[in-house]
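Report on the structure
What follows is the residue order along each chain.
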Amino acid sequence: MTDTTTPETVLVKTHSVSCDGGVGPLGHPRIYLRIVDKEISCPYCSKRFVLEDGAVDHAH
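Summary of the structure given here. (Residues numbered from 1 in each chain as written. Predicted model: local features only at pLDDT ≥ 70, side-chain atom pairs only at ≥ 80, totals over all residues. Heavy atoms only, no water.)

**Observations concerning the pairing of strand E5 (residues 48–56)**
- Where strand E1 (residues 9–14) and E5 come together, five bridges link them in parallel fashion. In the strand pairing of E5, Thr14 is matched with Val56.
- In the sheet, strand E4 (residues 39–41) pairs with E5 via three bridges, with the strands oriented antiparallel. Within the sheet, the bridge partner assigned to Ser41 lies in E5 and is Arg48. (Pairing = 2+ DSSP bridges. Helix = DSSP H or I, 4+ residues; strand = E, 2+ residues; numbered from the N terminus.)

Structural data, given as structure tokens:
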């Protein structure tokens, strides 16, 4: 049985990520987020994006 109350956590390798909430009723407009410290949560769906160790910053 899956716990639907806990937001999904995604490990990422860059400080810039995008989120559209997925397909179906969980979807929302695509937004772009910038991870400043170690993690950030989507303000629409609460999906957590967590930087992996050794992540790189491709900002200009």
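**Quick notes on the pattern of salt bridges**
- Here the structure, examined in full by the defined rule, presents five salt bridges.
- Between Arg30 and Asp20 there is a salt bridge, with its nearest N and O atoms 3.0 Å apart. Placement of Arg30 in the loop between strand E2 (16–19) and strand E3 (31–34) and of Asp20 in the loop between E2 and E3 is noted, with a sequence separation of 10 residues between them.
- With a relative accessible area of 29%, Asp20 lands in the partly exposed category. (Salt bridge = Lys/Arg side-chain N within 4 Å of Asp/Glu carboxyl O. Buried < 20%, exposed > 50% of the residue type's maximum accessible area, 1.4 Å probe, protein only.)

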